[in-house]
Amino acid sequence: FSASLSAISEIPSALAAAWMLEQPSLGRRSSTTLLYAVGGLCCVMLPMVGGALGPVMAVAGKLFVTAAFDGIYVYTTEIFETEVRGSAMGWCSGAARLGSTLAPEVISFLDASGTMFFFGACALASAAACRIWLPETRAIPPVFTSASSASADDGCQSGARRQGCRKGYGRFQDEVADDENSAPQDDVRPEGNSQASLRDVSAVRTAA
């Protein structure tokens with residue numbers, strides 16, 4: 001029964017992550033922080049509760065941590081620039097798989113209470129790191145290349161995106177606009193001159 005509840009919790013966790021990430025009042029960073037924090041608290045408090053509340057707390061912790069894991073895929077792709085996004089996602093996915101591989105070994109060295117404390121502490125540390133060091137990325141245009149992230153007088157820090165400002169994006173737009181303005185224009189003659197030229201050609205043909 002507990003395994004069934006754990007599996008069923010995957011559905012609302014995915015829906016909750018998708019909904020929270022798109023809320024203007026939460027965005028990517030606050031949503032991820034909140035999900036990891038609540039999931040971590042559920043894991044830490046699980047050894048302290050008993051009776052019928054234990055399975056409920058376990059499923060709740062699984063739901064919130066899974067929702068945070070689902071949201072990380074969206075958040076990670078928006079943090080990294082396009083030219084390194086694939087490699088960055090590969091490294092992050094590899095680190096996640098390494099953690100899932102080492103989890104059974106950690107459990108073998110700890111009892112049930114110690115295991116819950118350890119995983120809860122990791123989730124809380126992830127929430128704190130997300131809140132302190134990661135920027136908000138919702139509704140912010142992407143950084144395309146490292147060249148567009150070079151130094152510019154836009155008040156951003158080098159190579160990073162901070163609080164609604166991606167460094168170099170304004171410069172990228174300016175470069176595109178400059179390229180469009182510097183593109184060669186077709187030699188378009190005024191309409192009056194075109195009509196005059198046609199009259200001259202007609203007059204020559206008539207004289208001939």
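The structure presented is a predicted model; accordingly, all values stated were derived computationally and were not measured.

Concerning the side chain of Ser31
Thought 1: Structurally, the position occupied by Ser31 is in helix α3 (residues 27-45).
Thought 2: From its side chain, Ser31 meets the backbone oxygen of Gly27 in a polar contact 2.6 Å long.
Thought 3: If we ignore the near neighbours within four places in the chain, the residues touching Ser31 are Met20, Leu21 and Leu26.

Considering the pattern of salt bridges
Thought 1: All told, the structure shown has 3 salt bridges when counted by the stated rule.
Thought 2: For Lys62, the salt bridge is made with Glu10, and the minimal N-O distance between the two is 2.5 Å. Taken together, the positions of Lys62 in helix α4 (residues 53-79) and Glu10 in helix α2 (residues 10-21) put the pair 52 residues apart, joining distant regions of the chain.
Thought 3: Looking at Lys62, the relative accessible area reads 27%, which means it is partly exposed.
Thought 4: Where Glu78 meets Arg28, a salt bridge forms, and the shortest distance between an N and an O atom there is 2.8 Å. With Glu78 in helix α4 and Arg28 in helix α3, this residue pair connects regions lying 50 residues apart in the sequence. When sorted by exposure, Glu78 lands in the same class as Arg28, which is buried.
Thought 5: Through salt bridges with shared partners, a single network forms among Glu22, Arg28 and Glu78.

What counts, and where the lines are drawn
Residues numbered from 1 in each chain as written. Predicted model: local features only at pLDDT ≥ 70, side-chain atom pairs only at ≥ 80, totals over all residues. Heavy atoms only, no water. Helix = DSSP H or I, 4+ residues; strand = E, 2+ residues; numbered from the N terminus. Polar contact = N/O pair within 3.5 Å; in protein donor to acceptor, adjacent residues only side chain to side chain. Contact = heavy atoms within 4.5 Å. Salt bridge = Lys/Arg side-chain N within 4 Å of Asp/Glu carboxyl O. Buried < 20%, exposed > 50% of the residue type's maximum accessible area, 1.4 Å probe, protein only.

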